[in-house]
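Results of the structural survey
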Amino acid sequence: SQQGEEDPQALSIQEGENATMNCSYKTSINNLQWYRQNSGRGLVHLILIRSNEREKHSGRLRVTLDTSKKSSSLLITASRAADTASYFCALGDTPLVFGKGTRLSVIA
Amino acid sequence: NAGVTQTPKFQVLKTGQSMTLQCAQDMNHNSMYWYRQDPGMGLRLIYYSASEGTTDKGEVPNGYNVSRLNKREFSLRLESAAPSQTSVYFCASSVEPQRGNEQFFGPGTRLTVL
């Protein structure tokens, strides 16, 4: 099973700014998921994008998938302090394989 | 619905001691998983159970055993704890392990082995 690789490893922004994090992978996938983990908590599913989709939205979240470049991006618009968390991509293999995550800090 | 619950929340063991981590889900999910999370390592799969009565090894199974007691419960046992097993352990469940299934996570068990 392959693991996605998130970039950057850490990101610090001001409240109100947009945050973008990326996930790259090596072989073809059927879908890709993004999860959030607040400090000391379990992971929470954010969004799933299938290989035949290019973009999905959920509230302030926008996920894109470029299968030709084997990469996905997660954009959080108008970030809030509450968005401070680690974000993981997970590849839709059987079972899911999680990357090492991007640590996002939103400074009020 | 409680979702995925884990007990205990915290545990300190001495090297060589044994213990069992408990996990239960009330969402009628078929599949359950055990992960460990170490700083900078992300989540690594220890064992999973695709359905009641089956278990499979994940990426890091050495030193662990699992039991799928019934559809709701999936336990993780450390027979002889080692300091290298100090970690945060997460249980998760999903409808099935096939592609495209959202996983639901428990709150975690923080284990320290001295």
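For the structure, see preceding data.
Predicted model only: the values in this text are computed from it and were never measured.

A few words on the overall build of chain B. Helices and strands together make up the secondary structure of chain B, namely zero helices and 11 strands. The N-to-C order of helical and strand elements in chain B reads β-β-β-β-β-β-β-β-β-β-β. A compact globule built from 114 residues should have a C-alpha radius of gyration of about 13 Å, and chain B, at 13 Å, falls within 12% of that. Expressed along its principal axes, the backbone C-alpha trace of chain B runs to roughly 35 × 25 × 25 Å. Burial analysis of chain B (114 residues in total) assigns 48% to the buried set. Residue pairs in contact within chain B that sit at least 24 positions apart in sequence constitute 55% of those at least 6 positions apart. Per element, the accessible surface of chain B, about 5,300 Å² overall, is 48% carbon and sulfur. Charge separation in chain B, taken as the distance between the mean sites of 11 positive and 9 negative side-chain charges, equals 6 Å.

Turning our attention to the state of the cysteines. Within the structure shown, the criterion is met by two disulfides over all chains. Disulfide pairing places Cys23 of chain A opposite Cys89 of chain A at an S-S distance of 2.1 Å. Around the S-S axis, the bridge from Cys23 of chain A to Cys89 of chain A shows a dihedral of about 60 degrees and counts as right-handed. Of the two residues, Cys23 of chain A sits in strand 3 (residues 19-24) while Cys89 of chain A sits in strand 9 (residues 85-91), which places them 66 residues apart along the sequence. Disulfide pairing is shown between Cys23 of chain B and Cys91 of chain B; the S-S distance is 1.9 Å. Taking the sign of the S-S torsion, -75 degrees for the link of Cys23 of chain B and Cys91 of chain B, the bridge is left-handed. In this pair, Cys23 of chain B sits in strand 3 (residues 19-25) while Cys91 of chain B sits in strand 9 (residues 87-94), placing the two residues 68 residues apart along the sequence. Using a relative accessible area of 3% as the deciding quantity, one classes Cys23 of chain B as buried.

Attention now goes to the packing of aromatic side chains. If you walk through the whole model with that rule in mind, you get eight aromatic pairs over all chains. Here Tyr35 of chain A and Phe98 of chain A contribute two aromatic rings whose centre-to-centre distance is 5.2 Å and whose plane-to-plane angle is 65 degrees, an arrangement assigned as edge-to-face. In this pair, Tyr35 of chain A is assigned in strand 4 (residues 31-37) and Phe98 of chain A in strand 10 (residues 97-98), connecting sequence segments 63 residues apart. Both residues of the pair, Tyr35 of chain A and Phe98 of chain A, belong to the buried class. Seen in terms of ring centroids, Tyr35 of chain B and Phe105 of chain B are 5.7 Å apart; in terms of plane orientation they differ by 35 degrees. Their pairing is tilted. With Tyr35 of chain B in strand 4 (residues 31-38) and Phe105 of chain B in strand 10 (residues 104-105), this pair connects stretches of sequence that are 70 residues apart. Cluster of aromatic residues (ring-pair linked, three or more members): Tyr35 and Phe98 of chain A together with Tyr33, Tyr35, Tyr48 and Phe105 of chain B.

The extent of an interface is frequently quoted as the accessible surface area lost upon association of the parts. With 21 residues of chain A in contact, the opposing surface of chain B contributes 21 residues. Both sides together, the interface formed by chain A and chain B hides about 1,600 Å², and carbon and sulfur atoms give 55% of it. Between chain A and chain B we count zero salt bridges in total. Our count for the contact surface shared by chain A and chain B stands at four residue pairs in polar contact (both at pLDDT 80 or more). Those elements that place two or more of their residues in the side of chain A that touches chain B are strand 4 and strand 5 (43-50) of chain A. Split into classes, the residues belonging to the side of chain A that touches chain B amount to seven nonpolar, 10 polar and four charged.

Cut-offs used in this document
- Residues numbered from 1 in each chain as written.
- Chains lettered and ligands numbered in written order.
- Predicted model: local features only at pLDDT ≥ 70, side-chain atom pairs only at ≥ 80, totals over all residues.
- Heavy atoms only, no water.
- Helix = DSSP H or I, 4+ residues; strand = E, 2+ residues; numbered from the N terminus.
- Rg over C-alpha atoms; globule rule 2.2 N^0.38 Å.
- Buried < 20%, exposed > 50% of the residue type's maximum accessible area, 1.4 Å probe, protein only.
- Contact = heavy atoms within 4.5 Å.
- Areas by Shrake-Rupley, 256 points an atom, 1.4 Å probe, with all protein chains shown as cover.
- Lys, Arg positive; Asp, Glu negative; His and termini not counted.
- Charge placed at Lys NZ, Arg CZ, Asp CG, Glu CD.
- Disulfide = S-S within 2.5 Å.
- Phe/Tyr/Trp six-rings, centres within 6.5 Å; stacked < 30°, edge-to-face > 60°.
- Buried area = accessible area lost by both parts, 1.4 Å probe.
- Salt bridge = Lys/Arg side-chain N within 4 Å of Asp/Glu carboxyl O.
- Polar contact = N/O pair within 3.5 Å; in protein donor to acceptor, adjacent residues only side chain to side chain.
- Nonpolar A, V, L, I, M, F, W, Y, C, P; charged D, E, K, R; others polar.

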